[in-house]
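# Fold and geometry: a report
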Amino acid sequence: MQICVYGETLCAQVTAIAMAQTGHQVHWCVTEPSAWASLEQGGALYTEQGLHFLLEEERRSGRLAYRFIEDEAELLPDAPVVFLSLLPGQEDVADRIIREHAQKPACQLVVNQTMGPVGASERLRDLLKELNSLAWLVALPDLIQEGNAHDTFIRPDNILLGCEEREAEVLMQELLRPFNRRKNVIQVMTLREAEFAKLAISGMLATRISYMNDMAYLSESMGVDIDVVRTALGADPRIGNAYLYPGCGFGGPGLSSNVLTLASALHQKDPEPGLLDQVLRINERQKEILFRKFWQYYQGNVSGCRVAIWGVAFKPGTHRVDNAPILKVIEALWAQGVEVAVHDPQALPELVRWAEGKGRLEVFQDPYQAVEGSDALMLVTEWKCYWSPDWALLKSAMRQPLILDGRNIYSPDFVKDQGLVYRGIGRV
């Protein structure tokens, strides 16, 4: 089947790859010149988990082609299925695509994956009706997990499908059949219910993270190891283990914006601060916790110190730093005259672009070179390459042997036995 996928998002790239892998003829259409330039030069917009290799493989197979949409004349010929995987705020682009495809007789289905406020899909559905199109519109909220995007698309635990027509549901069941074999994970609901469910899921995950960070903050004052408490909580079947790890805050373009969208909708109903406002407040506080521990250790005498940072991406497996905790940490360090040296397996180019014109940043391709002569090492993103460092090399390279573990991946006792000073999140 001919399929058009529109957008520069991670969801767009993964959808295009997965649909091509299952035998469809996919046209991936991008709307931004920079994205088009990257694809034309043989690159990929997102490289996590070998996505660039998968993209190139499908392109060579002939099942996946790129297209840059500059104006209406450049839009693709007819395709029965159109996926909208646009960035939030691209409503005008979505309208333009809808208007173009509504004129084509073969267009049967528009799949809205773009995350927006509740009601966004209904607006697109109504536009199709105004244009007298016979195409159906369904909502398929993006549930992929950055850092593991391809696997979570092709082996989903849950698929939310907002759908109003039986014919559209049948066609979507067929499109998703290769990813729905182990058990039926498709939940069919209304357009609004699918959009709201996606936001509610994000809100729940963020709440669990902030709750654990609050408990970690409290546990330190009580001499309690939060890791022991986390294990006890996770053992209760009513709670489970997911998203119970305290740390230095969550970031990223998806979770943060979804919680903000949900909190904003709640404010329209009740101006009083609610639970999600507290979740966001705790998260912003948590982003500064490593700096506060660093400040306390040196009793405020930090000007002229040098801090090494391992991990700047908002989570392992991605190159993105959107809303990442590291941004607040670096700004706090700069404000106190601290030298900053960083290492990350993928995210350094994006961090350098963010830092341009803001302050001095030293970046290293080798994590141990970043640590040379430092007064503290902050572990911010728990990439696997950081889990088992050469402790003797670390100690000899550092000016002061202070380890600030923002993800609690190290054993406090073991680190101390290596002759280093350990500070974690809620650890004793």
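Relevant structure appears above.
Thresholds applied
- Residues numbered from 1 in each chain as written.
- Predicted model: local features only at pLDDT ≥ 70, side-chain atom pairs only at ≥ 80, totals over all residues.
- Heavy atoms only, no water.
- Helix = DSSP H or I, 4+ residues; strand = E, 2+ residues; numbered from the N terminus.
- Rg over C-alpha atoms; globule rule 2.2 N^0.38 Å.
- Buried < 20%, exposed > 50% of the residue type's maximum accessible area, 1.4 Å probe, protein only.
- Contact = heavy atoms within 4.5 Å.
- Areas by Shrake-Rupley, 256 points an atom, 1.4 Å probe, with all protein chains shown as cover.
- Lys, Arg positive; Asp, Glu negative; His and termini not counted.
- Charge placed at Lys NZ, Arg CZ, Asp CG, Glu CD.
- Pairing = 2+ DSSP bridges.
- Axes fitted to C-alpha atoms, helices over the stretch in contact; angles between N-to-C directions.
- 1 Å grid on protein atoms, 1.4 Å probe; cavity = no way out; pocket = protein on both sides within 12 Å on 5 of 7 lines; lining within 4 Å.
- Points joined across faces, edges and corners; volume = space filled by probe spheres on them.
- Nonpolar A, V, L, I, M, F, W, Y, C, P; charged D, E, K, R; others polar.
- Right-handed = clockwise from strand over helix to strand, strands pointing away.
- Core = buried A, V, L, I, M, F, W, Y, C linked by side-chain atoms within 4.5 Å.
- Polar contact = N/O pair within 3.5 Å; in protein donor to acceptor, adjacent residues only side chain to side chain.
- Phe/Tyr/Trp six-rings, centres within 6.5 Å; stacked < 30°, edge-to-face > 60°.
- Lys NZ or Arg CZ within 6 Å of the ring centre and 35° of its normal.

Moving on, we get to the overall build of the protein chain. Looking only at helices and strands, the protein chain features 17 helices and 14 strands. Radius of gyration (C-alpha) of the protein chain: 24 Å, near the 22 Å computed for a compact globule of 428 residues. C-alpha atoms of the protein chain, sized along the principal axes, occupy 70 × 45 × 40 Å. For the protein chain, the proportion of its 428 residues judged to be buried stands at 55%. Here the contacts in the protein chain between residues at least 6 apart in sequence split such that 73% fall between residues at least 24 apart. If you sum the accessible surface of the protein chain, you get close to 19,300 Å²; carbon and sulfur atoms cover 52% of it. Positive and negative side-chain charges in the protein chain, numbering 41 and 55 respectively, have mean positions lying 5 Å apart.

Our next topic: the sheet that holds strand β13 (residues 402-405). Across the sheet, which stays open at both edges, the 6 strands sit in the order β11-β10-β9-β12-β13-β14 with parallel pairing between neighbours. If you trace the sheet from one side to the other, it starts and ends with β11 (362-363) and β14 (421-423), each paired once. One ladder, built from 5 bridges, connects strand β9 (residues 306-310) with strand β10 (residues 339-343); its direction is parallel. Residue pairing for β10: V307 is matched across the bridge by V340. Docked against the sheet, helix α12 (residues 289-297) engages β9, β12 (376-379), β13 and β14, running at close to 155° with respect to β13. On the sheet, helix α13 (residues 325-335) packs against β9, β10 and β12 and is oriented at approximately 175° with respect to β9.

The full count for this structure, using the stated rule, is 1 cavity of 30 Å³ or more. Considered as a void within the structure, the largest cavity measures approximately 40 Å³ in volume. For the largest cavity, the full set of lining residues is N112, Q113, T114, M115, G116, S121, A139, L140, P141 and E195. Here the residues of the lining of the largest cavity sort into 4 nonpolar, 5 polar and 1 charged.

This next bit is on the pairing of β12. The two faces of β12 match: A376 and M378 on one face and L377 and L379 on the other face are all buried. With 4 bridges connecting them, β9 and β12 associate as parallel partners. Paired with A308 across the strands is L377, a residue of β12. Of the strand pairs in this sheet, β12 and β13 are connected by 3 bridges, and their pairing is parallel.

Note that strand β5 (residues 109-112) and strand β6 (residues 136-139) share 4 bridges and pair parallel. Considered in β6, the bridge of N112 is made with A139. Regarding the hand of the β-α-β motif, the stretch spanning β5, helix α5 (residues 120-130) and β6 is right-handed.

All right, on to the nonpolar core then. For soluble globular proteins, nonpolar side chains are generally found buried alongside one another. Judged by nonpolar contacts, the single largest core of 58 residues is most densely connected at F294, I309, I326, L333, M378 and Y410. Those residues in contact with L333 that lie beyond four places of it in its chain are F291, F294, V307, I309, V338, V340 and M378. Counting residues in hydrophobic clusters, the runner-up holds 46 residues, among them W28, F83, F153 and M172.

Time to look at the environment of S256. On the secondary structure map, S256 appears in helix α10 (residues 255-269). The buried category is assigned to S256, whose relative accessible area is 8%. With 121 residues separating them in the primary sequence, S256 and L377 have C-alpha atoms 26 Å apart. Residues in contact with S256, not counting those within four places in the same chain, are F250, G251 and N323. Only 3.4 Å separates the side chain of S256 from the backbone oxygen of G252, close enough to count as a polar contact.

Under the criterion given, the structure shown has 11 aromatic pairs. For the pair W334 and W354, a centre-to-centre distance of 5.7 Å together with 10° between the ring planes defines the contact as stacked. Of this pair, W334 sits in helix α13 while W354 sits in helix α14 (residues 348-355), and the two are 20 residues apart along the sequence. This pair shows no difference in class: W334 is buried, exactly as W354 is. Ring centres of W391 and Y410 lie 5.0 Å apart, and the angle between their planes is 80°; this geometry places the pair in the edge-to-face category. Of this pair, W391 sits in helix α16 (residues 391-397) while Y410 sits in the loop between β13 and α17 (412-417); the two residues are 19 residues apart in sequence, bridging distant segments of the chain. Assessed through its relative accessible area of 10%, W391 is described here as buried. Each member of the aromatic cluster is reached from another via a ring pair, and the members are F291, F294, W295, Y297 and Y298. Here R285 stacks its cationic end above the ring of Y217, 4.6 Å away from the centre of that ring.

Right, let's talk about the side chain of N213 for a bit. In this structure, N213 sits in helix α8 (residues 191-222). Residue class for N213 comes out buried when judged on its relative accessible area of 0%. Beyond its immediate sequence surroundings of up to four residues, N213 is in contact with P246, G247, G249, I282, R285 and Q286.

The next subject is the layout of surface pockets. Its volume calculated, the second largest pocket comes out at about 260 Å³. In terms of lining residues, the second largest pocket is bounded by E8, E32, S34, A35, L45, Y46, L87, H319, R320, D322 and E350. Within the lining of the second largest pocket, the residues separate by chemical class into 4 nonpolar, 2 polar and 5 charged.

As a further point, take the environment of R63. Within the secondary structure, R63 is located in the loop between α3 (51-61) and β3 (64-68). Taking the relative accessible area as the measure of exposure, R63 reaches 29% and is therefore partly exposed. For the pair R63 and M19, spaced 44 residues apart in sequence, the C-alpha separation works out to 9.0 Å. Separated by 2.9 Å, the side chains of R63 and E58 make a polar contact.

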